[in-house]
Amino acid sequence: MNNQRHSFSLVSTRTMPLNLLLLFVSISLGLMLGCTNKLDRPDSALAEQGRLTDSSMAKSEWNIAIEDAWARPTKAGMMSAAYFTMYNVGSVSDSLVQASSNASKDVQIHLSYMNDGIMVMEEQPFVAIQASEQIPFQPGGYHIMIIQPTMDMQEGDSISLSLYFKSGMIIEETIQVGNPAK
Amino acid sequence: MNANSTLAKPYSFVLTIIFLSFLLTQSACMNDYKVIDDMNDASFELVNQDSVRVIFPEDFRGQYVVMGFVYTNCPDICPLITQNLIKIQKDLGYPSNVQFLGVSFDPLRDTPEVLHRYKEVFKVDENVNFLTGEPKMVQSFMDSVRVRTQESMRTTTDSGKEIYFLNHSDKIMVMNPKGEIIIEYGGSMPSIPTLIVQDLQSLIQ
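In this report, the structure presented in the accompanying data block is examined. As the structure is a prediction and not an experimental result, all values here were calculated from the model.

**What to know about the overall build of chain A**
Within chain A one finds 2 helices and 10 strands. Starting at the N terminus, the α and β elements of chain A follow one another as α-α-β-β-β-β-β-β-β-β-β-β. Expressed as a percentage of the 182 residues in chain A, the buried residues total 31%. Sequence-distant contacts in chain A: of pairs separated by 6 or more residues, those separated by 24 or more amount to 68%.

Pasting the structure below:
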């Protein structure tokens, strides 16, 4: 009994530094991986902004794209909006949860619609897009609101637009100012 | 048979006359628009984007006026209304006898200076004016043209700015030279310029 105790005590004494070392290495690795995630994985950007992401979706399943993106010309301190068509060409649904731009720190997802004869505009916490679905972001409907841009946005200029998705995917594009279809 | 035929002739003649009279009456009434609102009941003192005083409707008597209702912090719908005003003016060939107005229902933020910048953004013609005024006067004006507004959302942005948005009526109206509102359409719809141009062309000719 004593021997056992002794032996246990010996093992314990020997393994303690090893355990501590393993713990330290694990924490270091974890921190390193965490830092790597922050640099490489877009969902860290969402986590920073307090948004929930669903990292269960593999990167190979990120199949969302936008086309025909443009932003409305305006002057610094006024209002603008960005428009595009969002496609989900994959087989997994996703949700647009946030947007950002170099034109303003304040960028929101909004929806305009008519209700009882009044034109209403509401901020949207997210816009879900199903597999194989396409959603137009167009005047009078969904749009990315660029609030009081810090720069003049003239026809022919370009701004950056980043769209953050629940899956962790980020679409980063440079979009033109002015409607090309006009 | 012959008797019936003889009797039928006067009847068909009368029917033809009635039908032609109906057609003539209809064509004569084509340009008659029902008065929606008579704006002569009141007078509104407003200012334009250059801080020039404007008395509505007196200053516009004798001219057709196409007017939309906007606020400059509106990023989506009001630009459509403004662009429709611009398109109507362009499609009519920039007529000197038709005035174009964008009236703000957000006078607290839409000062003449802000409206001046808004006008520059849209590169609108000289003959388009944006109006604002004292809040009570603007509210009274909006009531008279049945333009409704309500604060929809007041929020503090990520950068700490407090902003608010307005739900609002979506209208473009035409006032005739007598100061009567005779046409009223949804302001932001893409089909509106064509309809208003057709109406105005039939009225002006």
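**Quick word on the pairing of strand 1 (residues 64-71) of chain A**
Residue and element names in this part refer to chain A. Here strand 1 runs beside strand 2 (residues 79-88); their pairing, made up of 6 bridges, is antiparallel. Bridge pairing links isoleucine 64 to asparagine 88 in strand 2. Relative to strand 10 (residues 170-177), strand 1 is paired through 2 bridges, and the arrangement is parallel. Considered in strand 10, the bridge of tryptophan 70 is made with glutamine 176.

**Remarks on the environment of isoleucine 109 of chain A**
Its place among the elements puts isoleucine 109 of chain A in strand 4 (residues 107-115). As a C-alpha pair, isoleucine 109 of chain A and phenylalanine 137 of chain A span 28 residues in sequence and 9.9 Å in three-dimensional space.

**Quick look at the environment of phenylalanine 69 of chain B**
Residue and element names in this part refer to chain B. Positionally, phenylalanine 69 belongs in strand 4 (residues 64-70). With 21 residues separating them along the chain, phenylalanine 69 and lysine 90 place their C-alpha atoms 19 Å apart. In this structure phenylalanine 69 touches Val103, Phe105, Val147, His168, Ser169, Lys171 and Gly187, once residues within four positions along its chain are discounted.

**A closer look at the pairing of strand 2 of chain A**
All names here are of chain A. Of all 10 residues making up strand 2, 8 are buried, and the element is well covered by its neighbours. Bridge analysis of strand 2 against strand 8 (residues 142-147) gives 4 bridges, and the strand direction is antiparallel. What sits directly across from serine 80, in strand 8, is isoleucine 146. As paired elements, strand 2 and strand 7 (residues 134-137) share 4 bridges and run antiparallel to each other. Pairing of methionine 86 across the sheet is with isoleucine 135, part of strand 7.

**Some points on unusual backbone geometry**
Look at the link from phenylalanine 56 of chain B to proline 57 of chain B: it is a cis peptide, with omega at 5 degrees. Inspection of the secondary structure assignment puts proline 57 of chain B in the loop between strand 3 (53-56) and strand 4. A positive phi angle, near 65 degrees, is found at serine 132 of chain A, a position not held by glycine. Inspection of the secondary structure puts serine 132 of chain A in the loop between strand 6 (127-129) and strand 7.

**Side note on the interface of chain B and chain A**
On the side of chain A, 26 residues touch chain B, which itself brings 24 residues to the contact. If you list the elements that add at least two residues to the side of chain B that touches chain A, you get helix 2 (77-91), helix 3 (112-122), strand 7 (149-156) and strand 8 (162-169) of chain B. With 5 residues, the single largest contributor to the side of chain B that touches chain A is strand 8 of chain B. Pairing between strand 5 (residues 118-123) of chain A and strand 8 of chain B: 2 bridges, direction antiparallel. Paired with isoleucine 118 of chain A across the bridge in strand 8 of chain B is serine 169 of chain B.

Scoring rules and cut-offs
- Residues numbered from 1 in each chain as written.
- Chains lettered and ligands numbered in written order.
- Predicted model: local features only at pLDDT ≥ 70, side-chain atom pairs only at ≥ 80, totals over all residues.
- Helix = DSSP H or I, 4+ residues; strand = E, 2+ residues; numbered from the N terminus.
- Buried ≥ 20, exposed ≤ 12 C-beta atoms within 10 Å, placed from the backbone.
- Contact = placed C-beta atoms within 7 Å.
- Pairing = 2+ DSSP bridges.

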